[in-house]
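# Residue-level structure breakdown
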Amino acid sequence: MVPRLRPSWRLRLARAVLRAASFAAPAAERDDWLREWRAEIDSRLALLDARGERTRAAELDLLRRSLGGLLHALWLRRQEWTTDLLRQDLRDALRSLSARPGFTVVAALTLALGIGAATTIFSVVYGVLLRPLPFGEPDRLVQLWESNPLRGWTAVTVAPANLKDWIDRNHSFSSVMCYSGADALKEGGRGATSASRRSRRAFVVAEVALSVVLVVCAGLLIRSFGDLVRVDPGFDPSTVLTFEVTPSGARYDADAKIVAFYRELGDRLRALPGVVAAGATSRKPLTGYRWTGDLSIEGRPDVWGRELRHKEVTPGYFAAMGVPVLRGRAFAWSDDGSVSRVAVVNEALARRFFPGEDPVGRRISYTKPDYPPRWITIVGVAGDEKQDGLAAPPQPEVFDPLAQDPTDTMSLVVRAKGDPRALAGAVRAAVAAVDPAVAVYDVETMAQLVRGSVSQPRFLTALVGLFAALALVLASVGLYGLVSFTVGARTQEIGVRMALGAPRQSVLALVVGEGLRLVVVGLAIGLAAAAALTRGFASSS
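What counts, and at which threshold
- Residues numbered from 1 in each chain as written.
- Predicted model: local features only at pLDDT ≥ 70, side-chain atom pairs only at ≥ 80, totals over all residues.
- Heavy atoms only, no water.
- Helix = DSSP H or I, 4+ residues; strand = E, 2+ residues; numbered from the N terminus.
- Contact = heavy atoms within 4.5 Å.
- Areas by Shrake-Rupley, 256 points an atom, 1.4 Å probe, with all protein chains shown as cover.
- Salt bridge = Lys/Arg side-chain N within 4 Å of Asp/Glu carboxyl O.
- Buried < 20%, exposed > 50% of the residue type's maximum accessible area, 1.4 Å probe, protein only.
- Core = buried A, V, L, I, M, F, W, Y, C linked by side-chain atoms within 4.5 Å.
- Patch = residues over 30% accessible without salt bridge, like charges linked within 9 Å, V, L, I, M, F, W, Y side chains within 5 Å.
- Phe/Tyr/Trp six-rings, centres within 6.5 Å; stacked < 30°, edge-to-face > 60°.
- pLDDT = per-residue confidence, 0-100.
- Lys, Arg positive; Asp, Glu negative; His and termini not counted.
- Pairing = 2+ DSSP bridges.
- Axes fitted to C-alpha atoms, helices over the stretch in contact; angles between N-to-C directions.
- Parallel < 35°, antiparallel > 145°, perpendicular 65-115°, else oblique.
- Left-handed = near helix turned anticlockwise from the far one by under 90°.
- Nonpolar A, V, L, I, M, F, W, Y, C, P; charged D, E, K, R; others polar.
- Arc of directions from axis to C-beta.
- Polar contact = N/O pair within 3.5 Å; in protein donor to acceptor, adjacent residues only side chain to side chain.

Each helix and strand counted, the chain has 16 helices and 13 strands in total. Within the chain, residue pairs in contact and separated by at least 24 positions form 78% of the contacts whose partners lie at least 6 positions apart. Accessible area for the chain stands at about 30,100 Å²; split by element, carbon and sulfur atoms hold 61% of it.

Moving on, we get to unusual backbone geometry. Phi angles above zero are rare outside glycine, and Leu286 is one such case at about 70°. Relative to the helices and strands, Leu286 is located in the loop between strand 4 (275-281) and strand 5 (293-297).

Turning our attention to the pattern of salt bridges. Summed over the entire model, instances satisfying the criterion amount to 19 salt bridges. Ionic pairing is found between Glu298 and Arg363, a salt bridge with its closest N-O pair at 2.7 Å. With Glu298 in the loop between strand 5 and strand 6 (300-313) and Arg363 in strand 9 (residues 363-365), the pair connects residues that are 65 residues apart, well separated along the chain. Since its relative accessible area comes to 29%, Arg363 is described here as partly exposed. The partner of Arg421 in a salt bridge is Asp419, with the nearest N and O atoms 3.3 Å apart. Through salt bridges with shared partners, one network takes in Glu244, Lys284 and Glu444.

As for its position among the elements, Glu29 is in the loop between helix 1 (9-22) and helix 2 (30-51). Taking the relative accessible area as the measure of exposure, Glu29 reaches 28% and is therefore partly exposed.

Turning to the environment of Gly513, a few remarks are in order. Position of Gly513 relative to the elements: it lies in helix 16 (residues 504-540). The class of Gly513 is buried, set by a relative accessible area of 15%. Measuring from C-alpha to C-alpha, the distance between Gly513 and Val483 comes to 9.8 Å, with 30 residues separating the pair along the chain.

Ranked by internal contacts, the top residues of the largest apolar core, which has 28 residues, are Phe243, Val245, Phe261, Tyr262, Leu265, Leu269 and Leu412. The greatest single-element share of this core, amounting to six residues, is contributed by helix 9 (residues 255-270). Apart from the residues lying within four places of it in its own chain, the contact partners of Leu412 are Leu241, Thr242, Phe243, Val245, Tyr262, Leu265, Leu269, Gly279 and Ala280. Phe225, Phe235, Leu390 and Val413 belong to the second largest nonpolar core, which has 24 residues in total.

A surface patch of nonpolar side chains, about 360 Å² in accessible area, is lined by Val142, Leu144, Trp166 and Phe173. In this fold, Leu144 is placed in the loop between helix 5 (101-130) and strand 1 (146-148).

Turning our attention to the packing of aromatic side chains. Counted under the stated rule, the structure contains five aromatic pairs. Here the aromatic rings of Tyr252 and Phe261 are separated by 5.5 Å at their centres, their planes lie at 80°, and the arrangement is edge-to-face. By relative accessible area, Tyr252 is classed as buried at 10%. Ring centres 5.1 Å apart and planes at 80° place the aromatic pair Phe318 and Phe399 in the edge-to-face group. Here the residue Phe318 occupies a position in helix 10 (residues 317-321), and Phe399 occupies one in strand 11 (residues 397-401), the gap between them amounting to 81 residues.

Looking at where Gly226 falls in the secondary structure, it is placed in helix 8 (residues 194-229). The buried category is assigned to Gly226, whose relative accessible area is 14%. Residues Gly226 and Arg458 lie 232 residues apart in sequence; the distance between their C-alpha atoms is 9.6 Å.

Residue-level pLDDT values for the chain average 80, and 80% of them are 70 or greater. Residue range residues 184-192 is modelled with pLDDT below 50. Its contacts to residues more than four positions away, or to other chains, number 16 contacts.

Counting through the fold element by element, Asp400 comes out in strand 11. No salt bridge is formed by the buried Asp400. Its closest oppositely charged neighbour is Arg341, at 5.7 Å. Apart from residues lying up to four places away in sequence, Asp400 is in contact with His310, Lys311, Glu312, Val313, Phe331, Val342, Ala343, Tyr366 and Asp405.

As defined by bridge partners, strand 5 adjoins strand 6 across four bridges and the pair is classed as antiparallel. Counted as the bridge partner of Leu295 is Gly305 from strand 6. Of the pairings in the sheet, the one linking strand 6 to strand 11 comprises five bridges and is parallel in character. Paired with Lys311 across the two strands is Phe399, which belongs to strand 11.

Packing of helix 1 against helix 2 brings their axes to within 9 Å, and their N-to-C directions diverge by 165°. By the angle class used here, helix 1 and helix 2 are roughly antiparallel. Considering only the axes of helix 1 and helix 2, their crossing is right-handed. Only Arg30, Trp33, Leu34, Trp37, Arg38, Ile41, Asp42 and Leu45 of helix 2 make contact with helix 1, whose side of the interface consists of Leu11, Arg15, Leu18, Arg19, Ala21 and Ser22. Looking at the contact of helix 1 with helix 2, its residues break down into eight nonpolar, one polar and five charged.

At 3.6 residues per turn, the α-helix brings residues three or four places apart onto the same side. Along helix 12 (residues 424-434), the positions that sit buried rather than exposed are Val427, Arg428, Ala430, Val431 and Val434. Projected down its long axis, helix 12 shows its buried positions confined to an angular sector of 160°, all on one face. Those residues of helix 12 that are buried are in contact with helix 2, strand 3 (240-245), helix 9 and strand 13 (440-445).

Turning our eyes to something else, we now look at the packing of helix 9 against helix 12. Axes are the key here: two packed helices are described by the angle between their axes and the distance separating the axes. Close contact between helix 9 and helix 12 brings their axes to 9 Å; oriented N to C, the two are set at 140°. The pairing of helix 9 with helix 12 is recorded here as oblique in orientation. Classified by chirality, the crossing of helix 12 by helix 9 is right-handed. Where helix 9 approaches helix 12, its residues Phe261, Glu264, Leu265, Arg268 and Leu269 are matched on the opposing element by Val427, Ala430, Val431, Ala433 and Val434. Residue classes in the contact of helix 9 with helix 12 are distributed as eight nonpolar, no polar and two charged.

The next point concerns the side chain of Thr314. With respect to the helices and strands, Thr314 occurs in the loop between strand 6 and helix 10. Within the local environment of Thr314, its side chain forms a polar contact with the backbone nitrogen of Ala280, the two atoms lying 2.9 Å apart.

Listed below in structure tokens is the structure:
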């Protein structure tokens, strides 16, 4: 037996860092967290002592690992802070924006355009509606008319001679002046130059067109997102809890020990109250693949599949995930490769490489046709799981039994009868009962995993919807500002027209008609642009 060396100041500092870091972890997980991290450091230290590799560099590495524990504790705390869906979506949105700088620039420019448009419209509204008139005390102004009851004239223009008498005999008004109807029409026409009117009209038309395009795009995105979230992922994510473990160290220096760990852990998980099924996989669905391989089929040297995806699973995985086994059988712990190597393939592989036939009983190899094969017998066909996201079609995939190809890091999946989050403490206790030195991490429900896989399209849909609503508001305010400005500039003209007997309907048509014409033009341009844009998206997809 190798004697343990006394801990150096570096190891004592590492333990002190872990004790201090435990206060950053959530209170409900603090004790388990500290025990798991201490066990991790102690197990690695024991392995170094057993191998005689305990050097100053190795101890510094353990110290760095303890600092990693501090980051992990802060990460757990951050997870506790971001359990609310809105905060989680905001975090994913910021990550998506940082990963797509081009889109971020476009979004920023769109916001800048909206802010500039709002500022311009407010300037027009202020100048027309809010800013006081260019003379003092406008509430003291009155308008005088002349009437002649003998001839039946009412509210007619004052005769020049009468005006002179009014001015000479005035004792009630501070001053009296006159203007003619022609002058009023001229003043109304001079209220705005033709160039400025054209620019304001063009601005409103552009706003209406842009709002139409954004509303159409937002509607299409909302419909597409609704279709996306209704896509069948190939498994049942409800009531499933998932977490990861990595048994390591001297206790797991042989494949048989790793297999025994996961077999005992699976038995303990299935024995927990409220657990329906439990299993493990080397890669969870919807998380993509980093490595792929080749595929050869016995008796068909002309067929060669590239970028074949395969992962290791344990017995109980298909039941826990709700993935149907359509033909053949699932795995048992006796499928350890001692007699023959076996595999389960998904429907996508069966459709592509075995069209119109049953692949059960056929043999495949993870090699190119000109390489020496290592034959694997297909014993079952399982349903397709979505691998690269809900929008991507499933690719050919092979499931290998863990007992045949052991790997250390696995994701456990546990199906519960009720709320899967209630099992978090029980599964941690089950792992500790098998080996207290093995840490449990990345604990989440499968529903959270599915929701996180669509966080980016959810954010894009909400962002475009926000832009569309903003564009509608800007177009409405711009149209209102233009009509108000036009009415204000033509007040005298409108007054003269009404004084000359123009009906209210014609004056209203004069005021509203221009706004309606601008809306129709903007709608036509916006619908044409939206149609071209949607056709472009359809051709590129």
